[in-house]
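Reading the structure
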Amino acid sequence: AGIRRIEARTGFEVINYNRKKEIEFKQELEKFTQESKKKDKEIEKLRKQILFSNLENITTETIGQINLVSQSFHDIEAKDLRDIIIEIKSKSQFQKSCIFILFAIKDDKISTCVAISDNLLEKFDASKLITPIVEALGGKGGGGKKDFAMGGGNDKNATIKAIEILKKIIHE
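Throughout what follows, the structure given in this document is the object of discussion. Sequence order as written defines the numbering, with residues in each chain counted from 1. It should be noted that, the model being predicted, local features are given only for residues of pLDDT at least 70 and side-chain atom pairs only at 80 or more, the latter also being counted only at that level, while totals for whole chains, interfaces and linings use all residues. Derived side-chain values reflect all non-hydrogen atoms in the structure, with water molecules and hydrogen atoms excluded from consideration.

Describing the pairing of strand β2 (residues 66–74)
The cut-off we apply is this: At least two DSSP bridges between two strands are required for those strands to pair. Each helix is a run of H or I in the DSSP string that is no shorter than four residues. Each strand is a run of E no shorter than two, and both are numbered from the N terminus.
Looking at chain direction, strand β1 (residues 59–63) and β2 are connected through five bridges and run antiparallel. Residue pairing across strands places T60 opposite V69, the latter belonging to β2. Hairpin remark: β1 followed by β2, antiparallel, with two residues in the connecting loop; positive phi at G64, about 65 degrees. Pairing of β2 with strand β3 (residues 98–106), which is carried by eight bridges, proceeds in the parallel orientation.

This is the structure:
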């Protein structure tokens, strides 16, 4: 009843035991890392599905021969705007004569992107259109390519003003 058994390793057995435990630990860590990456990818996939499901409510306004497509999204990252534009442009009704302006509002910041459908690239340049829009949003600059440009600011209530500026430029 009062006898206890104690096991101990000494010498090289300690080194071998520690190496074995270290290998087991690294394998477990790798397993958890892989599971975590898999879950992150699944979360991102579901987040994009939710994001893209909201595209049915997108606003389209015709100005002359040009369709102005606009939408504001809340609690999304600025980088998601690029994915949304790609998704919208892939739809047949938005492949010709469209100018897109999207807003991502998160916390106290607002990001925007302007994209131009391919057949309007002769007449419009997104990298030039973005500058007055970003200024209206309380930001500076903005930039990108001829067909896609991004920028941001801190006046999240200025989306209507930014859209009006874009409409005025389209009318010119």
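Some points on the packing of aromatic side chains
The geometry of two aromatic rings is summed up by the distance between their centres and the angle between their planes. Filter applied, for reference: Only Phe, Tyr and Trp rings take part, Trp by its six-membered ring, and two of them pair if their centres are within 6.5 Å. Stacked means planes under 30 degrees apart, edge-to-face means over 60, and tilted covers everything else. Only protein chains enter the accessibility calculation, which uses a 1.4 Å probe; a residue is then buried when its area is under 20% of its type maximum, exposed when over 50%, and partly exposed in between.
Within this structure, the stated rule accounts for one aromatic pair. An angle of 70 degrees between the planes, with centres 6.3 Å apart, marks the rings of F94 and F100 as edge-to-face. In terms of burial, F94 and F100 fall into one category: buried.

Some remarks on the nonpolar core
To keep things clear, this is the line we draw: Among the buried residues, those of types Ala, Val, Leu, Ile, Met, Phe, Trp, Tyr and Cys that are joined through side-chain atoms within 4.5 Å form a nonpolar core.
In this structure, I99, V114 and I116 are the most contacted members of the largest nonpolar core, which totals 25 residues. Counting residues per element, the ones that place at least two in this core are β2, β3, β4 (109–116), α3 (126–136) and α4 (159–171). Ranked by the residues each element gives to this core, the list is headed by α3, at five residues. Formed by 19 residues, the second largest nonpolar core is a distinct cluster that contains I58, I85, C98 and F100.

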